[in-house]
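Close look at the chain arrangement
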Amino acid sequence: MRLYFGSIAFLSIPIAVIILLITKNKKIIVILICLIISIGYVSILENKYSKISDMPIKEMVTIISDIQEKEYKKVCTAKIVRNNKKILINIKMSQDIPSIKYGDPLYIEGEFKQPEEARNYKGYNYKQYLKTKKIIGTVELEKVKILKSSNGSFIHNIQKYIRDTINGTLTDEEGNLLLAILLGDKDKLSEDIQESFKTSNLSHMLAVSGAHVSYIILGLTYVLQNSIIGKKNGKIVCIIFLLAFMAITNFTPSVTRACIMAILTLFSGIIYRKSDVYTNISVAALITLIFNPYSLLDLGFQLSYGGTIGIIIFIKRIQEKKSNSKVINYIKQMALVSIYANIIIIPIMMYHFNTVSLTFIISNIMASPILGIIVITGFLFIITSITVKPLTRLIAIFIKPILSILIKISQICSKLPFSNILVVTPYMFNVISYYAIILYCIKSKKNNKCKIIICLLIVLILINFIIYIFPQKLRIFFIDVGQGDSTLIITPDKKTVLIDGGGSDSFDVGEKVLLPYLLDRRILKVDYVLISHFDTDHCGGILTIMEKVKVKNIIISEQAEHSENYERFKKLMIHKKIRLIEVKKGDKIKIGRYSEFKILFPTSRLLSENPLNNNSIVAQFNYNNFKMLFTGDIETEGWENVSTCMPNLCKSTYYCISHHGSITGHIRSNCMPANCCITTLADCADSTRLQVLMGRDGAYKGVYSRKVLGDFKNIEKTEEAQKYLSLDWKTGKVRSV
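Sequence order as written defines residue numbering, which begins from 1 separately in each chain. Since the coordinates come from a predicted model, pLDDT governs what is reported: local features require at least 70, and pairs of side-chain atoms require 80 or more to be given and counted, while whole-chain, interface and lining totals use all residues. Each side-chain value is worked out from all heavy atoms of the structure, with water and hydrogens disregarded.

**Here's the deal with the packing of aromatic side chains**
- Stacked, tilted and edge-to-face pairs are distinguished by plane angle, under 30 degrees for stacked and over 60 for edge-to-face with tilted covering the rest, among Phe, Tyr and Trp rings (Trp via its six-membered ring) whose centres lie within 6.5 Å. Taken as a whole and judged by the stated rule, the model has 13 aromatic pairs.
- Seen in terms of ring centroids, Phe 241 and Phe 379 are 6.1 Å apart; in terms of plane orientation they differ by 75°. Their pairing is edge-to-face. Taken together, the residues Phe 241 in helix α8 (residues 230-248) and Phe 379 in helix α14 (residues 360-387) connect sequence positions 138 residues apart.
- When accessible area is computed with a 1.4 Å probe and restricted to protein chains, residues below 20% of their type maximum are described as buried, those above 50% as exposed, and intermediate ones as partly exposed. The class for Phe 379 is buried, based on a relative accessible area of 14%.
- Counting as a charge over the ring demands two things of the Lys NZ or Arg CZ atom: a distance within 6 Å of the ring centre and an angle within 35 degrees of the ring normal. The cationic tip of Arg 522 hangs over the ring face of Tyr 427; the distance from NZ or CZ to the ring centre is 3.7 Å. Helix and strand assignments follow DSSP, with helices taken as H or I runs no shorter than four residues and strands as E runs no shorter than two, numbered in order from the N terminus.

**A word on the pattern of salt bridges**
- When a carboxyl oxygen of Asp or Glu is within 4 Å of a side-chain nitrogen of Lys or Arg, the pair counts as a salt bridge. For the structure on display, the rule yields 9 salt bridges.
- Of the charged contacts in the structure, one is a salt bridge between Lys 160 and Asp 164, with a shortest N-O distance of 3.0 Å. Of this pair, Lys 160 and Asp 164 both sit in helix α4 (residues 154-169), 4 residues apart, which is roughly one turn of that helix.
- Judged by relative accessible area, Asp 164 falls into the partly exposed class, the value being 43%.
- With a closest N to O distance of 2.8 Å, Asp 527 and Lys 525 form a salt bridge.
- Look at Lys 525 and you get partly exposed, because its relative accessible area is 36%.
- Taken together, the shared-partner salt bridges in this structure form one network comprising Asp 66, Arg 163 and Asp 185.

**Concerning the nonpolar core**
- Counting residues in each nonpolar core, the largest one holds 60 residues, and the members touching the most others are Leu 177, Ile 181 and Leu 406.
- The contact partners of Ile 181, leaving out residues within four places of it in the chain, are Met 205, Leu 206, Val 208, His 212, Leu 371, Ile 374, Val 375, Leu 403 and Leu 406.
- Here the nonpolar core consists of buried residues drawn from Ala, Val, Leu, Ile, Met, Phe, Trp, Tyr and Cys, with membership extended through side-chain atoms lying within 4.5 Å. The next biggest cluster of nonpolar side chains, apart from the first, holds 32 residues, and it includes Ile 479, Val 526, Phe 534 and Ile 554. Only heavy atoms matter for contacts: two residues are in contact if any of them lie within 4.5 Å across the pair.

**Overview of the packing of α4 against helix α5 (residues 172-183)**
- Relative orientation of the contacting elements α4 and α5 amounts to 145°, with a least axis distance of 9 Å. Our pair here, α4 against α5, has a crossing hand that is right-handed. On α5, the residues that touch Ile 162, Arg 163, Ile 166 and Asn 167 of α4 are Gly 175, Asn 176, Leu 178, Leu 179, Leu 182 and Leu 183.
- Under this grouping Gly is polar, as are all residues other than the nonpolar Ala, Val, Leu, Ile, Met, Phe, Trp, Tyr, Cys and Pro and the charged Asp, Glu, Lys and Arg. Taken together, the residues that form the contact of α4 with α5 break down as 6 nonpolar, 3 polar and 1 charged. Lines are fitted to the C-alpha atoms to define the axes, a helix being fitted only along its stretch in contact, and any angle between axes, read from their N-to-C directions, falls within 0 to 180 degrees. The sense of a crossing depends on the near helix, which, turned anticlockwise from the far helix by less than a right angle, makes the crossing left-handed and, turned clockwise, makes it right-handed.

**Focus on the pairing of strand β12 (residues 525-530)**
- Taking burial as the measure, the 6 residues of β12 include 5 buried ones, the bulk of the element.
- When DSSP finds at least two bridges between two strands, those strands are taken to pair. Two elements, strand β11 (residues 496-499) and β12, share 3 bridges in a ladder whose sense is parallel. Considered in β12, the bridge of Leu 498 is made with Val 529.
- Summarising the sheet, β12 and strand β13 (residues 550-557) pair through 5 bridges and their orientation is parallel. When the sheet's bridge partners are listed, Lys 525 is paired in β13 with Lys 550.

**Re helix α6 (residues 191-199)**
- Residues Ile 193, Ser 196, Phe 197 and Thr 199 constitute the buried set of α6. Each buried residue of α6 sits inside an arc of 170° when the element is viewed along its axis, so together they form one side.
- Elements in contact with the buried residues of α6: α5 and α15 (391-414).
- Looking one or two residues past α6, Asn 201 carries a phi angle of roughly 65°, positive in sign. Picture the helix axis, draw a direction to every C-beta atom, and the arc is the one those directions span.

**Notes on the side chain of Arg 257**
- Among the structural elements, Arg 257 can be located in helix α9 (residues 253-270).
- One buried charged residue, Arg 257, forms no salt bridge at all, with the nearest opposite charge on Asp 298 at 11 Å.
- Polar contacts involving the side chain of Arg 257 include one to the side chain of Thr 308, which spans 3.2 Å.
- The residues touching Arg 257, leaving out its near neighbours within four places in the chain, are Ser 209, Gly 210, Ala 284, Ser 304, Tyr 305 and Thr 308. Charged-residue counts in this description rest on Lys and Arg as positive and Asp and Glu as negative, His and the chain ends being excluded. Whenever two N or O atoms come within 3.5 Å, that pair is a polar contact, provided that in protein one can donate a hydrogen and the other can accept it, and provided that, for residues adjacent in sequence, both atoms are side-chain atoms.

**Section: the side chain of Asn 292**
- Among the secondary structure elements, Asn 292 is positioned in the loop between α10 (277-291) and α11 (299-313).
- Ignoring sequence-local partners within four residues, the contact set of Asn 292 consists of Lys 131, Thr 132, Lys 133 and Lys 134.

**So, unusual backbone geometry**
- The peptide bond linking Phe 601 to Pro 602 adopts the cis configuration, its omega dihedral lying at 5°.
- For Pro 602, the position within the fold is in the loop between β16 (595-601) and α21 (611-614).
- A positive phi is found at Asn 84, a non-glycine position, where the angle reads about 65°.
- Within the secondary structure layout, Asn 84 lies in the loop between β3 (73-80) and β4 (86-92).
- Phi at Asn 354 takes a positive value of approximately 55°, unusual for a residue other than glycine.
- Tracing the backbone through its elements, the reader meets Asn 354 in the loop between α13 (326-353) and β7 (355-356).

**Some points on the pairing of β3**
- In this structure, strand β1 (residues 55-63) lies alongside β3, joined through 3 bridges in antiparallel fashion. When the sheet's bridge partners are listed, Thr 62 is paired in β3 with Lys 79.
- Taken together, the 2 bridges between strand β2 (residues 68-69) and β3 define a ladder with antiparallel strand orientation. Bridge assignment links Gln 68 to a residue of β3, and that residue is Val 75.
- A loop of 3 residues connects β2 with β3, the two strands running antiparallel in sequence.
- Two strands pair when backbone bridges link them, and β3 and β4 are joined in this way by 7 bridges, in the antiparallel orientation. Looking across to β4, one finds that Lys 73 is bridged to Lys 92.
- In this antiparallel pair of consecutive strands, β3 and β4, the connection spans 5 residues, and Asn 84 shows a positive phi of 65°.

**Here we look at a nonpolar patch on the surface**
- Each patch is built from residues lacking any salt bridge and having more than 30% relative accessible area; the joining distance is 9 Å for like charges and 5 Å for nonpolar side chains (Val, Leu, Ile, Met, Phe, Trp, Tyr). In these tables, accessible area is a Shrake-Rupley quantity obtained with a 1.4 Å probe, and a residue counts as shielded only by the protein chains included in the view. Taken together, the side chains of Ile 454, Ile 458, Leu 462, Phe 465, Ile 466, Tyr 468, Ile 469 and Phe 470 make up a nonpolar region of the molecular surface, amounting to roughly 850 Å² of accessible area.
- Take Phe 465: it is sitting in helix α17 (residues 449-469).

**What to know about the sheet that holds β12**
- Ordered in space as β9-β10-β11-β12-β13-β14, the 6 strands form an open sheet in which the pairing is mixed. At either end of the open sheet lies a strand with only one pairing partner, and these are β9 (475-478) and β14 (579-583). Sheet twist, expressed as the average angle between the axes of neighbouring strands with direction ignored, equals 20°.

Okay, structure coming up:
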């Protein structure tokens, strides 16, 4: 990232300076000066982040967030007193520490760690996410001392009062939904509700946006218009309320955008000037990005500004489409607002979520009027809890069924056909081309505009087609699925093969890791899936893939025992009408024109000792002279029965060590392939990348045993204590990770 920004700065600044010297256009000069300043500013920030490294830490800090309980730890945000930098503090559940709360000044000792970057291709970048929050890294807490007990800040106490009031009156489901709608606080909102809102294209209702702010202003205006303070003072009161609202919602990008635009509109009325919506949104974006340039990478920022820009661009068309009937007029306007907002944000949704919804019009027409009632009633509920508390019970009786109706709408709309169409991640040039065509449609006044747009679309389709048919080499990717194995093979004739899929009892690896990875690789159809055996850490992710994408063929062996995973697999296979290929030693499976699997194990005589592992498929993937041996979790007892495959082992180019690099699964023989690898904890694209050799520390007893390392002559030995070991495919040397 640092090199990326540095390269842009190095190339852009001299080019910009040259253009400045030769141009006389004032607009271009202003844009170029802003460009130079922006690139310089971001490069300085990136340089600061890059200088941070893992180290022990002893600091005085102030807690600036509530303590959140996760599955295995507690988490809070703190600000270092010495330099005002933010850190995330992780506290183990088992740790015996004093009770800490928001605002407490602490002395802490621990281990500072840089956040992880994406471990897979286009995967989740935790470091980038924390940058959008201005957090430099995490601290694993070891010792803590509370220097002084704090009562918290005024704003935090308001936030706490609102949460306590809502949670004390409404049920958990309804209260957490109301908090999400009013404050954008989704921390305790159930994953099921969040997923139904996302699938039904109603996620914007859980991130305070322009609609929320409009309803707030509408409610305040209605209250203040007949008061003695007058219109002008009423607008000032609205501005003060919006400033306080931004602080209460922690200045999230969507809230900041909506509130700043509203404040500028109100202020223009106070000074009797015409409000310009383009100026308002530009000022809002500028303020947000000056405060934190990395907000540009925040999904909330992109969706909020994208949707608003879509509505602004097409607002005249919305106003033109009016009818005499108020009901029809409302439906038309809601439909057009949804369509025009989605014209801009659909590529963003495709890029980040790999989904497209064709039912967003229905869900938004049904839910939008309910949102207005909830926002206005919700704030009335909070105000009366301060002034006339007994009234809150009456308002709660009114708001409860409305919240339930909204949940029901999201659930119904999420199950409609075409509400959640899975798509591959678009190429960035496709996204840019899409927006360029939209811009041309808006700006161009030519009569033959439609013909030009059709021609541009045809050219774009042809470019994508050429990219698809362009010949490529054999590509093998080892996917980081945590504790477990998963390998993706893409042959030169575009056949896709997935070998195992990782899995976990506490985490849906298929949904969270494997499916996004395949979509980022632009794969919606898998030609062959090979399941070595039915341990969860090998087949769990595959079961999700079978549900979500088209799988044509699945390769398994005869099962010595029927596990729960195998029973679920059989039901899915029948339901999805997937062709089953059951193999044994001696079988060959042709994969396209040039590739094949040669099955070396198991035989028709299955082993009874540890049957899941010891009857794993041992398969050699062959492509011309390239051979790679995949071994599943076969252990010593299994290897003793695979003696006949030794000649094949010798001929293999790469050998993936069985059972995650454990000594229990490693075959000890003088006959070893030229290179070796293991398919655990890695993302490897080709022979120029590093490949994990040994598995995760503590995953299994004997992982990356010295005896295992000693069996490979071309591997450079190391005496350091490592968490992971990686093998460089070019040099055969091991490095510490």
